[in-house]
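# Observations on the model geometry
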Amino acid sequence: MKNINTLMISLLLLSLSSLCLAGDYVLLINPVNPAESISRDDLTDILLGKKTTWADGQKIKIAVYKKGEAHRALLKDTVKKSPMQFSLYWKKILFSGSGTPIQIVNNEQEMIDFIIKNPTAIGYIAAAGKIEQLKVIQVIE
């Protein structure tokens, strides 16, 4: 019986980790977006501006926080960069003319508003945040 309980707890924790990467943030998209999941590699490529369209060919709009724990956790889990390194990376991309600016938001409400107003948007909030009106997208390995 003890092994079954341990297995059940392990499965529960594994399923929660796919929604809350590192337990610090939840990845969100507009509810009209048909995507149900995204690979970690695709998420990394999106954040680095290397993947710019969804499977249906629509342009991806990215929103990231200017600072904060959720921002730091997302960058650590995906692009393996600090917030400063990420900012410098994007400044270089934009200066070279080879990328489209990403949306920088200051708080959860700005993030939610951006995703609601943009059907092809992807963003994130702290895991403890409100996710009403938005769709949680799972990150798969």
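Structural data are supplied above this passage.
Everything in this summary refers to the structure shown in the same document. Worth saying up front: this structure is predicted, and the values here are computed from it rather than measured.

What counts and what doesn't
Residues numbered from 1 in each chain as written. Predicted model: local features only at pLDDT ≥ 70, side-chain atom pairs only at ≥ 80, totals over all residues. Heavy atoms only, no water. Phe/Tyr/Trp six-rings, centres within 6.5 Å; stacked < 30°, edge-to-face > 60°. Helix = DSSP H or I, 4+ residues; strand = E, 2+ residues; numbered from the N terminus. Buried < 20%, exposed > 50% of the residue type's maximum accessible area, 1.4 Å probe, protein only. Core = buried A, V, L, I, M, F, W, Y, C linked by side-chain atoms within 4.5 Å. Contact = heavy atoms within 4.5 Å. Pairing = 2+ DSSP bridges. Polar contact = N/O pair within 3.5 Å; in protein donor to acceptor, adjacent residues only side chain to side chain. Salt bridge = Lys/Arg side-chain N within 4 Å of Asp/Glu carboxyl O.

Overall, the coordinates contain three aromatic pairs when judged by the stated rule. For the pair Tyr 65 and Tyr 124, a centre-to-centre distance of 5.1 Å together with 80 degrees between the ring planes defines the contact as edge-to-face. With Tyr 65 in strand E4 (residues 61-65) and Tyr 124 in strand E6 (residues 121-126), this pair connects stretches of sequence that are 59 residues apart. Pair check on accessibility: Tyr 65 and Tyr 124 agree, each one buried. Here Tyr 89 and Trp 90 contribute two aromatic rings whose centre-to-centre distance is 6.1 Å and whose plane-to-plane angle is 85 degrees, an arrangement assigned as edge-to-face. Members of the aromatic cluster, each reached through a chain of ring pairs, are Tyr 25, Tyr 65 and Tyr 124.

Right, let's get into the nonpolar core. One finds Ile 38, Ile 122 and Tyr 124 to be the most contacted residues of the largest nonpolar core, which totals 38 residues. Within the residue set of this core, elements represented by two or more residues are strand E2 (25-29), helix H2 (40-47), E4, helix H3 (69-77), helix H4 (83-96), helix H5 (108-117) and E6. Among the elements that line this core, the one with the most residues is E2, at five residues. Once residues within four sequence positions are removed from consideration, Tyr 124 is found in contact with Tyr 25, Val 26, Leu 27, Leu 28, Ala 63, Val 64, Tyr 65, Ala 70, His 71, Leu 74, Met 111 and Ile 115.

What follows concerns the pairing of E4. The element E4 is extensively covered by neighbouring structure, given that four of its five residues are classed as buried. Relative to E6, E4 runs parallel, the two sharing two bridges. Across the sheet, Ile 62 pairs through a bridge with Ile 122, a residue of E6. The pairing of E4 with strand E5 (residues 103-105) spans three bridges and is parallel.

Take the side chain of Asn 30 next. Considering the arrangement of structural elements, one finds Asn 30 in the loop between E2 and strand E3 (37-39). A polar contact is formed between the side chain of Asn 30 and the backbone nitrogen of Val 32, at a distance of 3.0 Å. Other than its neighbours up to four places away in sequence, Asn 30 contacts Ile 115, Ile 116, Asn 118, Pro 119, Ala 121 and Lys 135.

The next thing to look at is the pattern of salt bridges. For the coordinates displayed, the defined rule picks out three salt bridges. Note that Glu 69 and Arg 72 form a salt bridge whose closest N and O atoms lie 3.0 Å from each other. Linking Glu 69 with Arg 72, this pair stays in helix H3, spanning three residues, or about one helical turn. Since its relative accessible area comes to 56%, Glu 69 is described here as exposed.

In short, geometric facts, not functional conclusions.
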